[in-house]
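# Analysis of the macromolecular model
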Amino acid sequence: MAGSVNKAIVVGNVGKDPDIKTTQSGKQIAMFSLATSESWRDKATGEKKEKTEWHRVVVYNENIAKIVDQYVKKGSKLYVEGQLATRKYSDKNNVERFTTEIVLQGFNGTLTLLDGRRDDRDAGGYDEETANRFGTSSPSGSGSESFPSSEPPPTNYADTEIPF
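Summarised in this report is the structure supplied together with it.

Reading the values: rules and limits
Residues numbered from 1 in each chain as written. Predicted model: local features only at pLDDT ≥ 70, side-chain atom pairs only at ≥ 80, totals over all residues. Heavy atoms only, no water. Helix = DSSP H or I, 4+ residues; strand = E, 2+ residues; numbered from the N terminus. Polar contact = N/O pair within 3.5 Å; in protein donor to acceptor, adjacent residues only side chain to side chain. Contact = heavy atoms within 4.5 Å. Buried < 20%, exposed > 50% of the residue type's maximum accessible area, 1.4 Å probe, protein only. Arc of directions from axis to C-beta. Core = buried A, V, L, I, M, F, W, Y, C linked by side-chain atoms within 4.5 Å. Salt bridge = Lys/Arg side-chain N within 4 Å of Asp/Glu carboxyl O.

On to unusual backbone geometry, then. Positive phi, close to 65°, is recorded for Asn-94, a residue that is not glycine. For Asn-94, the position within the fold is in the loop between β5 (77-90) and β6 (96-104).

Shown next, in the form of structure tokens:
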């Protein structure tokens, strides 16, 4: 194989309202956590068990970040497709920590709203013109909206201005 692949696909529910940050240059970045769950029956007891995993999602694509800001709320069901990235940061006590995130940037990310349209979305100005401008697709006709990335990715995370 001549290359490698870095792709994460997750379908889950947003744990709390997204955090929208603005860089010094005025670019919006959206951050949120997505929960995925699996359930099974314990063979020995017959008891139903469930395990939830939390995934940190960071959206550097400004068009998708605007959609997240307008339409994504706690509990929203999303399809997220992006790249895994690990970054280092210092916590409040100046201890170095690492975190792995699903990153949507450039042309390498997709966000699909799986809840369909709600009345408050329609009241917020979401219409066919907005859908076309952000590359919406709904091949199943289920009312889900998909927002592919529309700008090239930064060449390196060190060049990306992060507001935290």
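What follows covers the side chain of Glu-101. If you trace the backbone, Glu-101 turns up in strand β6. Within the local environment of Glu-101, its side chain forms a polar contact with the side chain of Arg-87, the two groups lying 3.0 Å apart. If we skip the residues at most four places from it in the chain, Glu-101 touches Arg-56, Val-58, Gln-83, Leu-84, Ala-85 and Arg-87.

Next up on the list: the environment of Leu-34. Mapped onto the fold, Leu-34 is located in strand β3 (residues 28-41). You can call Leu-34 buried: its relative accessible area is 0%. When neighbours within four sequence positions are excluded, Leu-34 is seen to be in contact with Val-10, Gly-12, Asn-13, Val-14, Glu-53, Trp-54, His-55, Val-57, Leu-78 and Val-80.

What follows deals with helix α1 (residues 62-71). The α-helix winds at 3.6 residues per turn, so residues separated by three or four positions along the chain end up facing the same way. Residues of α1 that are buried: Ile-64, Ala-65, Ile-67, Val-68 and Tyr-71. Looking down the long axis of α1, one finds its buried residues gathered within 160° of arc, a one-sided arrangement.

Our focus in this paragraph is the nonpolar core. Phe-32, Val-59, Leu-78 and Val-80 are the most contacted members of the largest nonpolar core, which totals 20 residues. No other element matches the five residues that α1 contributes to this core. If we skip the residues at most four places from it in the chain, Leu-78 touches Val-10, Val-11, Gly-12, Val-14, Phe-32, Leu-34, Val-72, Leu-111, Thr-112, Leu-113 and Leu-114. Listed in part, the six residues of the second largest apolar core include Met-31, Val-58, Tyr-60 and Ala-85.

We now examine the pattern of salt bridges. Scanning the model with the defined rule gives six salt bridges in all. Between Lys-88 and Glu-96 there is a salt bridge, with the nearest N and O atoms lying 3.7 Å from each other.

Functional significance is not addressed by these values, which are geometric in nature.
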